[in-house]
Amino acid sequence: MRLDKFLCDALGTTRKEATQILKSGDVTVDGQSQKSGAFKVSETSVVEWQEREVTLSGPRYIMLFKPEGFVCSHEDGFNQTAFVLLDEANMRGLHFAGRLDVDTTGLVLITDDGQWSHRITSPKHKCDKTYRVWLADPIQPDYAEKLAQGIELRNERDMTLPAQMEVVDEAENELLLTIHEGKYHQVKRMFAALGNKVIGLHRERVGDIVLDDTLEPGEYRFLTEDEVASIWK
Ligand code: URA
């Protein structure tokens, strides 16, 4: 395959942009600088742009530990998009499979596979999400039952689906909550409806995918095959 065609496919650029990238002198093939688009690359060639390997990848599946202060959308004028935390040469098609609020931390899934992300976000599939929640006021004894019965949220016609709550630390007003849908600000609104206020929110799990405890805030890794497949179960 020609090097310019390879760059177009791998980076999602036009042929003209690939030519400009080559002219800049930042592209190497097997360690040698290459400026010619006609240069032939083979399946075993290692192509690098700005010292990062560029590959013709298949679908990509990423888990990111989102820190506070980043949004799961495009820049909003105040906050940076969490995409800036990805050090990937090819960002083409990557999108968030479900969002977290700017002040929520934890597991965010990112992919360029639309069917896979739809499976996570579509209300029809009721994908579980587990959150660690810190409340402003004490956890009341009737919360678990009320959350399991479903809560009436403001401006929503339907009650929330049954949610499971487990107290983690009563003194710290800390609990785990598993919900099976993803309405806008859902967890915060559920506790607001119970007369309390969420002061800390961290997502630990989506389906069977658990946030890797070796990741620091702002770090990411690619999912294993089993993690990717678990979404289809
Ligand atoms: N529920 C919320 O209220 N916020 C989030 O970020 C995720 C779930």
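How each quantity is defined
- Residues numbered from 1 in each chain as written.
- Predicted model: local features only at pLDDT ≥ 70, side-chain atom pairs only at ≥ 80, totals over all residues.
- Heavy atoms only, no water.
- UniProt positions renumbered as here; feature names shortened; annotations may be inferred.
- Near = heavy atom within 4 Å.
- Polar contact = N/O pair within 3.5 Å; in protein donor to acceptor, adjacent residues only side chain to side chain.
- Nonpolar A, V, L, I, M, F, W, Y, C, P; charged D, E, K, R; others polar.
- Helix = DSSP H or I, 4+ residues; strand = E, 2+ residues; numbered from the N terminus.
- Contact = heavy atoms within 4.5 Å.
- Core = buried A, V, L, I, M, F, W, Y, C linked by side-chain atoms within 4.5 Å.
- Buried < 20%, exposed > 50% of the residue type's maximum accessible area, 1.4 Å probe, protein only.
- Domains from an automatic or database assignment.
- Salt bridge = Lys/Arg side-chain N within 4 Å of Asp/Glu carboxyl O.

Looking at an unreviewed UniProt entry, the protein carries the name Pseudouridine synthase, with the source organism given as Vibrio ostreae. The heading Sequence similarities (unreviewed entry) in the UniProt record of the protein holds the text "Belongs to the pseudouridine synthase RsuA family." UniProt lists a comment for the protein under the heading Catalytic activity (unreviewed entry), and it reads "uridine(516) in 16S rRNA = pseudouridine(516) in 16S rRNA".

Tell me what's going on with the site of the ligand, and back it up with residues and numbers.
As a matter of local geometry, the ligand sits amid Leu100, Asp101, Thr104, Tyr131, His185, Gln186, Val187, Lys188 and Leu201. The backbone of glutamine 186 places a nitrogen or oxygen atom 3.5 Å from an oxygen atom of the ligand. Contact distances for the ligand include 3.1 Å between a nitrogen atom and a backbone N or O atom of valine 187. Classifying every residue of the shell around the ligand by side-chain character gives four nonpolar, three polar and two charged.

Now, about the side chain of threonine 104: what can you tell me, with residues and values included?
Structurally, threonine 104 can be placed in the loop between strand E8 (95–96) and strand E9 (105–111). When near neighbours in sequence (up to four residues on either side) are disregarded, threonine 104 contacts Lys66, Pro67, Lys188, Leu201 and His202.

Tell me about the nonpolar core, and name the residues and values.
In terms of nonpolar packing, the biggest core is built from 33 residues, with Ile110, Val133, Leu147, Leu177, Val187 and Phe191 touching the most fellow members. Taken together, the elements giving at least two residues each to this core come down to strand E5 (61–66), E9, strand E10 (129–135), helix H4 (143–149), strand E12 (174–179), helix H5 (186–193) and strand E13 (198–206). Summarising the domain contributions, this core has at least three residues from each of domain 2 (61–122 + 209–230) and domain 3 (128–206). With near-sequence residues (within four places) excluded, isoleucine 110 lies in contact with Arg60, Tyr61, Ile62, Leu64, Phe83, Leu86, Leu94, His95 and Phe96. Membership of the second largest hydrophobic core comes to 16 residues, among which are Tyr61, Met63, Leu211 and Leu215.

Hey, could you go over the domain arrangement of the protein for me, with residue numbers and the actual values?
Looking at the protein, the domain boundaries give domain 1 (3–54), domain 2 (61–122 + 209–230) and domain 3 (128–206). Centre-to-centre, using C-alpha coordinates, domain 1 lies 49 Å away from domain 3.

I'd love a proper account of the pattern of salt bridges, names of residues and values included.
Inspection of the entire model under this criterion finds 16 salt bridges. Counted as one network, the salt bridges with shared partners bring together Arg2, Asp4 and Arg15.

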